[in-house]
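# Structural description and commentary
Listed below, chain by chain, are the residues.
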Amino acid sequence: MFSLIRSMWLVFLHMFHKRETYQYPEEKAPLPARWRGRIALTRDPDGGERCVGCYLCAAACPVDCISLQATEAPDGRRYPGFFRINFSRCIFCGFCEEACPTYAIQLLPDFEIAEYDRQNLVYEKEDLLINSQGKYPGYNYYRVAGMAIDGKNKGEASKEEPPVDVKSLLP
Amino acid sequence: MNIYIDNKKYEIKEGKNLLEACLQLGLNLPYFCWHPALGSVGACRQCAIKLYKDEDDTKGRLVMGCMEPVRDNVRISLEDPDAKGFREQVIGWLMTNHPHDCAVCDEGGACHLQDMTVMTGHTYRDYRFSKRTYNNQDLGPFLNHEMNRCIQCYRCVRYYKDYAGGKDLDVFAAHNHVYFGRCGNGKLESEFSGNLAEVCPTGVFTDKTLQSHYTRKWDLTYAPSICQGCSLGCNTSAGERYGTLRQIANRYNGDVNGYFLCDRGRYGYEFVNSHQRIYEPAVRPHSNGAVKKEQVVEVVAEKLKKGRVIGIGSPRASLESNFALKQLVGAEHFYIGMSDADHDHTALALKILKEGPARTPSLHEMEHADAVLILGEDLTNTAPLMALAVRQAVRQQPMHETEQTLHLAPWQDAPMREAIQDKKGPLFILHTFPTKLDELATAIHRGAPDNLARIAFALAAKLGADVAPVDDLHDEEKTLVAQMADALLAAKNPLIISGYGSGWDHFMKAAANISWALQQQGRAPMLSFTLPECNSLGLEMLGGHRLDSAIDLMEKGGADTVVVLENDLYRRADEHVIDALFANAKEVILIDHLYNQTAEKATVLLPAGTFAEADGTIVNNEGRAQRFFQVFVPKGSVQESWRWLLQIAEKAQVPRLSSLQNLDDIVWAMCVAVPFFEKVQQIAPHADFRINGQKIPRESHRYSGRTATLANENVSEPKPADDIDTPLSFTMEGFRGEPPAPLIPYFWSPGWNSVQAVNKYQTEIGGHLHGGDPGLRLLEPHLNGRPHYFREAPDRYIPMPGHVHIMPVYSIFGSEELSMHTKGIAQSAQDFFCIYMNPEDMHQWSISPGIWVSFDVDHHSYQMVAVPNHWLPRGIAALNAGLPKSKIIDLPQCVKLSGAEALHATR
């Protein structure tokens, strides 16, 4: 009997507490930075596409909803010729982000991607590529990878020695 | 022989090394520098194991598995912590300079280095300092070079120089700066350079054509396929993604191609993706809009019923397609779609192999020949992998000697090569032109084909063949004959090679005589013929009339409807001949996959599937029938030629082909109609074959993008296509274990993602696949048959004034129709308008080099640029054969240079 009255009293007190409910959509919920929501393709600090089309995200995807085609630009950079995510299949597990060796594919704190027509949930590269570095500012894959591209020759990446002179016998 | 690995007893054959033994037993021991075809050098220190003195030895010592022979009761340990630690350390060192670029590396996902790194447990890099870098080289259209990734295992140069005889790839510089490349930028000269992509355990050499439409191995849809590039029938794995063919990889077959392919075979696949492909049927004159499949089948059936029909088959179409056409039009109306010269050569080869007592060897057997005689053939250009086999064969004799004197095992590569130096077994080449194998030859002889054939006939006579004596040989030629006879008689398994390459069939007759004579002398000779195309022998076995007689028949009005199967007839006879044939035809029904000159003339065009979009059987030069499987479901109305023909037969109510639906049906019908093909039914399991109730998947278990690839068209995924013809499925679902050998789509094993996984599929390293190598031989020699020798040698060649004999020159890049659709191959091809002539002839007829000469063939005048070639004897000229714009097909032939006046050529 006492516990019943105590519970009702506590409920009564809650009427005067601060509200926990967000009045969505008028009021947006603050999401943590690592929230696994909308997937985007980010750019490196130079503004170039970070995605090099390595297919690891597609391989890691448990629902196989990522499809792309690696292509090489005349400047030596690789990029996805097309990049398609079928969000009607995506389970937002974030494996693609974990698999990505270049921090290109990132899950962002945004879940507002609902559509009335399922076909509209198929995102192409134009829909995915954003003009930002996302959560990992400063990382530039080609500055650490050994491949030469225009503007960065062999030996110019970080922690690289200048190219070997094949004709030299010096130690 | 027993060995103990980690205290477990295993049985293993003698003569192996411990690394081979471990791999053969299914144990995972990492390695880099060892390659089953190249042997051991012990350079990478990766296969370290503990070797114990005896049962009581607990300490043991570290040895390299690849350098230690298998001995009885030897005790080793792979799991010993010292050995494991050593292997992990070694890979740590190898990886210090490895760049951070797997994501942009084409090897990734099929990389031996990745596999071995994971296998040893070296998962994190310890090295924190700066890395060595190299500049790359441009190696031409076939291979990419990325030297930073190199781990200095030396496999590339050992393969390229020692195994394939290349000259322009080497190792440069010293100490930790060693560099594997060419002297400077430029295309790799070897015709077998593409194998570097598979030999290299990491991504230094990668396939450039794959890069242009790059897909990881796990994303490719593979099917077991057979190369269509020449008559050898190498086994390949063809990989597809997004509806285009992306890669041809080697598919190990212990009897045929082993570990390697030639560049024509590896890169000549781009025609499948060509913009000249025919995807929809057409009926001319054009109706409004596209015709539907069912309509066009009805139209064709109607035309066949009305007209008097002949069918022309093709040496590049499968047995099934040719058979279906033969049944559709009736055997008496079926013509073999080969040029007359090709037909003659193939028919002769078949007759010799079928009726004679000499056995025709597989490529693997050729590698073990101890004496080789090549008659009128430039193998590198007409049967490239046979040239590679001959390269190995010339090492046999010195290797046997060394084995006996120094007690070295054949796999001890470095000491073996050191001991052999440049000693070579007997190899004799009689050919008009220099060949790449000349450098290995004991003796070479050049001259007019007739004269060379006379030497070969004299050799046959000397060996005891019942042929007319050839007595007017020069002294030098007589010595050569004696030398060759001695060498061939001293050998246990001499190999005689001839074929279509020179255009002279006397060489083939002489080769038959020689091998038969050797057979009667109690040797076990091998007789091998090169043939023009991938299914030349199969078509010849099926049989049909000559193309010539089709042309005559049409001229006389004996037929008015021609059904052409996968054949560009303009490659089979001179242009005006084929023009006349089509002019006499009311209807030309063409089933083909590329839009070519013949397609221009067709009134009905049916889109056929290429080797990647069709199932079928082809017969190689050895008489081995092999099955190729459909890789992917094609676009448009494309389907197998035999399926078109079956559908047409159904509508036209041809009883011979009634109620046949799928591949098994037509193969069965073929085996019933042609008992010679009886074995073809057993080449591969039938369509109802299942393992644990499951099909064999064409896709890997990690295939990606299933729910996104077609989502741009419709977000609801379509049902995957069914395969009613084979036990393979077009999906990633199915049996995951090892399929039967003819059905292996690609080599993969847990922990072994690269092509090196093949070790897990073999009964013995470098031996047969489990359950036997795929393909069945249809030809076995009549060992007790009495040979009917070809008695008459040709007359000594005497040049005719004002005339030249034109002989064909084949080349690996250019002479084959389909591979020319690959850009890199087309770039490497010769010019079609050159006529090579003897310089003295040119001087006599006052033709200066580089000038256009005109000459008549069959009252048709041709102009070509004269190019001097001092290897040509007087009175003999040569043309590049098989090039796309070649007008003169009928080779060899004697032509008259159009008189002195016409020789003033117009510049």
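Note that the coordinates shown come from a computational prediction; the quantities given were computed from them, not determined experimentally.

### Regarding the overall build of chain A
Looking only at helices and strands, chain A features five helices and six strands. Going from the N terminus to the C terminus, chain A shows its helices and strands as α-β-α-β-β-α-β-β-α-α-β. Against the compact-globule benchmark of 16 Å for 171 residues, chain A has a radius of gyration of 24 Å, which places it well outside the compact range. With the C-alpha coordinates aligned to their principal axes, the bounding extent of chain A is approximately 95 × 45 × 30 Å. The 171 residues of chain A split such that 34% are buried.

### Considering the packing of helix α16 (residues 449-462) of chain B against helix α18 (residues 506-520) of chain B
All names here are of chain B. Running from N to C, α16 and α18 point in directions that differ by 15 degrees, and their axes come no closer than 8 Å. With respect to α18, the axis of α16 lies roughly parallel. The chirality of how α16 crosses α18 is left-handed. Each of D450, A453, A456, F457, L459 and A460 in α16 lies in contact with α18, whose residues at this interface are H506, F507, A510, N513, I514 and A517. Considering only residue class, the contact of α16 with α18 consists of nine nonpolar, two polar and one charged.

### What to know about the UniProt feature "binding site: [4Fe-4S] cluster 2" (unreviewed entry) in chain A
In this numbering, the UniProt entry assigns the feature "binding site: [4Fe-4S] cluster 2" (unreviewed entry) to C61, C90, C93 and C96 of chain A. Of the residues just listed, which span 36 residues, no C-alpha pair is farther apart than 10.6 Å, and they cluster in one region. The residue C61 of chain A is located in the loop between α2 (56-60) and β2 (66-72) in this model. For C61 of chain A, a count of 25 C-beta atoms within 10 Å corresponds to the buried category. Discounting chain neighbours no more than four positions away, the residues touching C61 of chain A are I66, F95 and C96 of chain A together with S704 of chain B. Residue C96 of chain A is classed as buried on the basis of its 24 C-beta neighbours within 10 Å. Those residues in contact with C96 of chain A, other than ones at most four positions away along the chain, are I39, C57, A60, C61, I66 and I105 of chain A.

### Here we look at the sheet that holds strand β5 (residues 74-77) of chain B
Residue and element names in this part refer to chain B. Read across the open sheet, the five strands follow the order β2-β1-β5-β3-β4; overall the sheet is mixed. Bordering the open sheet on either side are β2 (8-11) and β4 (61-64), each of which pairs with just one other strand. Strand-to-strand twist across the sheet, computed as the mean angle between neighbouring axes with direction ignored, equals 40 degrees. Examined bridge by bridge, strand β1 (residues 2-5) and β5 share three bridges and lie parallel to one another. Across the sheet, the residue bridging to I5 is I76, located in β5.

### Topic: the interface of chain B and chain A
Opposite the 35 residues of chain B that make contact, chain A presents 41 residues. At three residues, the largest contribution of residues to the side of chain B that touches chain A is made by strand β6 (residues 131-133) of chain B. For the side of chain B that touches chain A, the residue count by class is 14 nonpolar, 14 polar and seven charged. One ladder, built from two bridges, connects strand β6 (residues 160-163) of chain A with β6 of chain B; its direction is parallel. Bridge assignment links E160 of chain A to a residue of β6 of chain B, and that residue is K131 of chain B.

### So, the pairing of strand β3 (residues 48-52) of chain B
Residues and elements named next belong to chain B. Of all five residues in β3, four are buried; the element is thus mostly enclosed. Sheet analysis places β3 next to β4, joined by four bridges and oriented antiparallel. Following the sheet pairing, K50 is matched in β4 by L62.

### Digging into the UniProt feature "domain: 4Fe-4S His(Cys)3-ligated-type" (unreviewed entry) in chain B
Residues annotated in UniProt with the feature "domain: 4Fe-4S His(Cys)3-ligated-type" (unreviewed entry) correspond here to residues 82-121 of chain B. This span, residues 82-121 of chain B, is 55% helix and 0% strand, and a straight line between its end C-alpha atoms measures 14 Å.

### Some points on the sheet that holds strand β19 (residues 443-445) of chain B
Residue and element names in this part refer to chain B. Spatially, five strands are ordered β19-β18-β17-β20-β21 in an open sheet, and the strand pairing comes out parallel. If you trace the sheet from one side to the other, it starts and ends with β19 and β21 (526-530), each paired once. Neighbour-to-neighbour, the strand axes of the sheet open up by a mean angle of 10 degrees, direction not taken into account. Strands in contact with α16 are β17 (371-375), β18 (427-430) and β19; relative to β18, the strand with the most contacts, it is inclined by about 140 degrees. On top of the sheet, helix α17 (residues 475-490) reaches β17, β18, β19 and β20 (494-499); it is set at about 135 degrees to β17, its chief contact.

What counts and how
- Residues numbered from 1 in each chain as written.
- Chains lettered and ligands numbered in written order.
- Predicted model: local features only at pLDDT ≥ 70, side-chain atom pairs only at ≥ 80, totals over all residues.
- Helix = DSSP H or I, 4+ residues; strand = E, 2+ residues; numbered from the N terminus.
- Rg over C-alpha atoms; globule rule 2.2 N^0.38 Å.
- Buried ≥ 20, exposed ≤ 12 C-beta atoms within 10 Å, placed from the backbone.
- Axes fitted to C-alpha atoms, helices over the stretch in contact; angles between N-to-C directions.
- Parallel < 35°, antiparallel > 145°, perpendicular 65-115°, else oblique.
- Left-handed = near helix turned anticlockwise from the far one by under 90°.
- Contact = placed C-beta atoms within 7 Å.
- Nonpolar A, V, L, I, M, F, W, Y, C, P; charged D, E, K, R; others polar.
- UniProt positions renumbered as here; feature names shortened; annotations may be inferred.
- Pairing = 2+ DSSP bridges.

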